[in-house]
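Residues per chain are reported as follows:
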Amino acid sequence: MQQYYVSTGSELRALCECFSGSAWLALDTEFMRTDTFYARLCLIQIAGEQGVACIDPLALTDLGPLRELLYDPATVKVLHAAHQDLEILHDLYQAVPQPVFDTQLAAAMLGLGEQVGYAALVAQQQEVQLAKAHTRTDWAHRPLSAEQLDYAADDVRYLGPIYHKLRAALQEKGWLDWYLEDAAALSDAARYINEPDEAWRRVGLAHTLNGAGLAVLRALAAWRERRARSANRPRKWLMDDALLLALARAQPATHAELIALPGLSARSVERHGAELLKLIQDARQLPAGQWPAAAAPARLDVRQQARLDKLLALVTARAQQQGLSPAYVASRKHLRQLVLGEDQGLLRGGWRAALLGKELDEALEICV
């Protein structure tokens, strides 16, 4: 397979013209995120019948031709563990390419391993052992060596053959339409948007707060999210989760109380103190009806546990009848959420609902 390194506009235009109209393209990215909020895109690898290319976005001022290539709806984009790569593209273009085929997702459906890694899948499907020498490469450093470029190219070199094998296996089993339904969800832009007002939900131990404390946490987490985005710096550089929780618990009302809070530097107080106090005050004054709610992980009562057991048995039986992995149809965690009434979307529509039918409702209604 011919290999290209693309670092000029003319090379990129020629490459994209060569790959244009492909039925499929393998795609991967290398990025750094040590000192930024947004991932710094350092290398883009694509492969097709025409060859494999490593594209250097740090050397290029215009990726327009590549955008047209990747966002062509007639071309299937083949990725492994697609979420991070698609998130980067969404951040760049506020849109997600489609259609997408995720080989990790397909492997899970076929029972080849839950969240199987790319190297393991290549070894399993292609009988090739990938090198591990450059797993900690600084992809922002230039120049990249020939060995580094070969390592990066390997991340897409085998995706095409694996894609064809997995797709054929899905087709043979009659699952291809089901898989494509799941894969289509990967192109939903909503998956890659983190609303600032929802950032508090990702703060560890948020469930240990309640009432006004959660309202304060929501305000502080949203403030951190917006600040970090604006400065393009990691959230924790501005304020880590532990400090957010400490502020939400203490709810300081004065400059002196803020300074006395352990872990909050004098510099942070000087730069952000007045703003933090205003956020805390406003959040505390919200009426109780506007406070968020974060329940601690609930324990199932006897009746709920019986429902969960019934659901697990139902999913296992129906999945095994089809030859599917039960965990792919629905994980224990998701079924638990279903019993608690927290999430009913996955099993209430699409092929899963058709597979489980009215038995799902019957399992949820059983008594002990």
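Quick look at the structure, then.

With that settled, consider the packing of helix α14 (residues 302-322) against helix α16 (residues 332-339). Axis angle and axis distance: for two packed helices, these are the angle between their axes and the distance between the axes, and together they describe the pair. Packing of α14 against α16 leaves a shortest axis separation of 9 Å and a crossing angle of 135 degrees. Classified by the interaxial angle, the pair formed by α14 and α16 is oblique. Crossing hand, α14 versus α16: right-handed. From α14, Gln304, Gln305, Arg307, Leu308, Leu311, Leu312 and Val315 reach across to α16, where they touch Arg332, Leu335, Arg336, Leu338 and Val339. The class makeup of the residues in the contact of α14 with α16 is 7 nonpolar, 2 polar and 3 charged.

In this section: the pattern of salt bridges. Under the definition given, this model contains 13 salt bridges. Residue Arg157 is joined to Asp154 by a salt bridge in which the shortest nitrogen-to-oxygen separation is 2.7 Å. With a gap of 3 residues between them, Arg157 and Asp154 both fall in helix α6 (residues 146-157), about one helical turn apart. Residue Arg157 shares its accessibility class with Asp154, and that shared class is buried.

What follows deals with the pairing of strand β5 (residues 76-79). Neither face of β5 is open: one carries Val76 and Val78, the other Lys77 and Leu79, and all of them are buried. Examined bridge by bridge, strand β2 (residues 24-32) and β5 share 3 bridges and lie parallel to one another. Its bridge partner being in β5, Leu25 is matched across the sheet by Lys77. Here β5 runs beside strand β6 (residues 100-102); their pairing, made up of 3 bridges, is parallel. Residue pairing across strands places Lys77 opposite Val100, the latter belonging to β6. Of the crossover connections in this fold, the one passing from β5 over helix α3 (residues 83-93) to the parallel β6 is right-handed.

Across the 5 residues of strand β4 (residues 51-55), 5 count as buried, placing the element largely inside the fold. Burial along β4 is two-sided: the face carrying Gly51, Ala53 and Ile55 and the face carrying Val52 and Cys54 are both buried. Pairing of strand β1 (residues 3-6) with β4 involves 4 bridges; the strand directions are parallel. In the strand pairing of β4, Tyr4 is matched with Ala53. The pairing of strand β3 (residues 40-48) with β4 spans 5 bridges and is classified as antiparallel.

Criteria and cut-off values
Residues numbered from 1 in each chain as written. Predicted model: local features only at pLDDT ≥ 70, side-chain atom pairs only at ≥ 80, totals over all residues. Heavy atoms only, no water. Axes fitted to C-alpha atoms, helices over the stretch in contact; angles between N-to-C directions. Helix = DSSP H or I, 4+ residues; strand = E, 2+ residues; numbered from the N terminus. Parallel < 35°, antiparallel > 145°, perpendicular 65-115°, else oblique. Left-handed = near helix turned anticlockwise from the far one by under 90°. Contact = heavy atoms within 4.5 Å. Nonpolar A, V, L, I, M, F, W, Y, C, P; charged D, E, K, R; others polar. Salt bridge = Lys/Arg side-chain N within 4 Å of Asp/Glu carboxyl O. Buried < 20%, exposed > 50% of the residue type's maximum accessible area, 1.4 Å probe, protein only. Pairing = 2+ DSSP bridges. Right-handed = clockwise from strand over helix to strand, strands pointing away.

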